[in-house]
Each structure stands twice: as structure tokens, then as C-alpha cells.
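# Coordinate analysis (summary)
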Amino acid sequence: MNGVVRSVAVKSLDEVSVMRLLLICALTVAIAGASSPAIAGPARPRVKHAPIKVYRDEKGDPLRTIDGALVNQIWSGYALPEFETGNLFTSAQATWTVPAVSYEGVEALSASWVGIGGFCENSECDPVDQTLIQLGTAQAALTAKKTEYWAWYEMLPKFSIPTKLKVKPGDVITASLSCAGICTGKQKWTLSMTNETTGKSWHKHVTYKSSKLSAEWIEEAPSSRGGVFPLADFGTATFTQSMANAASADLSTGDSLIMEDPNGQSSNVSAPNLTENGFNACFSPDSTLATCDSP
């Protein structure tokens, strides 16, 4: 009798142990599920903002439109070069509205920025300046359900670095860069960006050896190690209040730039606005340039 009782007691203990183990396992799975991040889809790509990449005609000269705009792979906007203006550039500024981008079947990006360097060193665009210090916003259409927007800065040859300044479509951004003192030797630069819509701002002090050979205001197709990204459909990007060397920039004295992305998209650029310091860049899904009126 006692043996039977002992047997039943052991059985009951085993059942309790099993139930406890099952409960612990269930709780572990539940906690893990609650704490694990959801699948977020494609990660933000690592981006680089390259110097201008011009197309050339059959004679090897830089390709230009009938109106004289310089045709290239990645930049749409305006550049003021030293070889045309006679000036070196130690500061630049711009204001733009962050454009909304839409997904058109492939991962695509655009970037809006102001910078110094990275343009042609002469009228033949040979060589191209390989220094470029810049800051701006990036717009990525990653999937039909996922777009990302962020602020960044970059000093070639390094990749761009995101900032903590939050941006979204429709935000008005003012960005500037300036070099302290006589700006020679170990140059000290101040990078600043303000989200005029939210009132938040960001700034950083850096050292960088720039050629100072040009200032630019650009809507761009960024690049990666694999080449130029498809240009995201940004609609129209508007730049205003462009400045160079602490004065209003006269964009009519520089080069207008038209982009023909090697992936098929294009971006036209308008004539400067009435104050000569602003313009529109206008997206097209193919090589047929969009009509692009001044802001």
C-alpha cells in the first residue's frame, strides 16, 4: 500500500514539474516576442555624395544643352566656379523645402544640399575637384510602404554622416557652412542646419582642407559603392535665399546643371528667380526633361 502511494506521489510531482516547465517556456516566448523589434524592411542604404560626373560629346567636350546647361549624371542645380567668377569660396548657404518622394518600383534616393568644392576646375571640366564639404537632407523611397528622410553632412572622400536633426517632407531647412579666419592650412569649418518648421537646429565644427574652388546648390542622385542610385521622384525641389561668401548668390553668373541619371530618370533646372538666388529642380521619370518654371 505504501509503495502504491509513493508511486502516485512521484507521478503527481512529475506532472507538476512538466506544467511548470511548459509555463516557463510560454512566458519566455511571450517576453521575447514583446521585446524583439518588428521586421523593418530594407535598411537605410549607406550613401555617398560624389563630385560632378559630366557627360561628354563626340569631341570630348562637356555636354551642354542649347541653353548652355551642363549635362551630368548626378547634379541638378547651380554652381558658381572660381574659373568663371574669379572668387574662392569660404561660405555658402541655402534654404529649401524637404520634398516628399514616392516609390516607383525600385529603391531610389534624392538629396538636397549646399556645399563647396566637387565641381569642374576649368571650362573643360578636366580635372574635377575631388574635395567637397557639404550638408543637406536625403530622401529615400525604399519600398511601397517605407520612405525615410534624414539630415546629413559629408567631407569627401568619406561617406556621409547622419545628424540628429529630424526632418520630414514639407519642412523648411536652412543650411550653411563657413570657414573661419583666412581659411588656409588646417581649415576650420562650421556646419549649421536649422529646421525652420520645428525650430530645432544642429551645428558642428570640423577641420577639412577644401580647394574652395566652387559653391553649389544641388538636388542630387546619391551614390554607393555599387554606383549611382536611381533618382527618387521628388516632384519639384525649391531652393531660395542662396548665399556665397556672405552675400546673396547671383546664380546667373555660374553654371546651371541638368541631371540625366544613368538609371533613366532626369532632373531639369529652372532659370533663377527674380532675385537670382533661387530656383526649382524638377523630376522626370525618364530622359525627357520636365518643364521647370522659376519659383
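Residues numbered from 1 in each chain as written. Predicted model: local features only at pLDDT ≥ 70, side-chain atom pairs only at ≥ 80, totals over all residues. Heavy atoms only, no water.

## Observations regarding the overall build of the protein
The helix and strand tally for the protein stands at 2 helices and 18 strands. For the protein, buried positions account for 46% of its 295 residues. Accessible surface for the protein amounts to roughly 14,600 Å². Of this, 57% is attributable to carbon and sulfur atoms. (Helix = DSSP H or I, 4+ residues; strand = E, 2+ residues; numbered from the N terminus. Buried < 20%, exposed > 50% of the residue type's maximum accessible area, 1.4 Å probe, protein only. Areas by Shrake-Rupley, 256 points an atom, 1.4 Å probe, with all protein chains shown as cover.)

## As for the nonpolar core
Residues Ile52 and Trp217 are the most contacted members of the largest nonpolar core, which totals 75 residues. Ignoring anything within four residues of it in the chain, the contact list for isoleucine 52 reads Leu70, Asn72, Ile74, Trp75, Gly118, Phe119, Cys120, Cys125, Val128 and Leu257. (Core = buried A, V, L, I, M, F, W, Y, C linked by side-chain atoms within 4.5 Å. Contact = heavy atoms within 4.5 Å.)

## Considerations on the pattern of salt bridges
The final tally for this structure, using the stated rule, is 3 salt bridges. Taking the shortest distance from any N to any O, the salt bridge between aspartate 255 and arginine 64 comes out at 3.0 Å. With aspartate 255 in strand 16 (residues 255-260) and arginine 64 in the loop between helix 1 (2-35) and strand 1 (70-72), this residue pair connects regions lying 191 residues apart in the sequence. Assessed through its relative accessible area of 4%, aspartate 255 is described here as buried. When its relative accessible area of 33% is taken as the criterion, arginine 64 is described as partly exposed. Where lysine 168 meets aspartate 171, a salt bridge forms, and the shortest distance between an N and an O atom there is 3.0 Å. Classification of lysine 168 as partly exposed rests on a relative accessible area of 43%. (Salt bridge = Lys/Arg side-chain N within 4 Å of Asp/Glu carboxyl O.)

## So, the layout of surface pockets
Empty space within the largest pocket amounts to approximately 160 Å³. Around the largest pocket sit Thr65, Asp67, Ala69, Ser256, Ile258, Asn268, Val269, Leu289 and Cys292, which together line it. For the lining of the largest pocket, the secondary structure elements donating two or more residues are strand 16 and strand 17 (266-269). Its residues assigned to classes, the lining of the largest pocket shows 5 nonpolar, 3 polar and 1 charged. (1 Å grid on protein atoms, 1.4 Å probe; cavity = no way out; pocket = protein on both sides within 12 Å on 5 of 7 lines; lining within 4 Å. Points joined across faces, edges and corners; volume = space filled by probe spheres on them. Nonpolar A, V, L, I, M, F, W, Y, C, P; charged D, E, K, R; others polar.)

## Quick word on the side chain of aspartate 261
Within the secondary structure layout, aspartate 261 lies in the loop between strand 16 and strand 17. In terms of polar contacts, aspartate 261 uses its side chain to reach the backbone amide nitrogen of leucine 231, at 3.3 Å. Ignoring sequence-local partners within four residues, the contact set of aspartate 261 consists of Tyr55, Gln73, Ala221, Val228, Phe229, Pro230 and Leu231. (Polar contact = N/O pair within 3.5 Å; in protein donor to acceptor, adjacent residues only side chain to side chain.)

## Brief notes about the state of the cysteines
Considering all chains together, one arrives at 3 disulfides under this definition. Across a sulfur-sulfur distance of 2.0 Å, cysteine 120 and cysteine 125 are joined as a disulfide pair. Judged by the sign of its S-S torsion, about -70 degrees, the bond between cysteine 120 and cysteine 125 is left-handed. Here cysteine 179 pairs with cysteine 183 through a disulfide, and the sulfurs are 2.0 Å apart. Here cysteine 179 and cysteine 183 share a disulfide; its torsion about the S-S bond, 105 degrees, makes the bridge right-handed. (Disulfide = S-S within 2.5 Å.)

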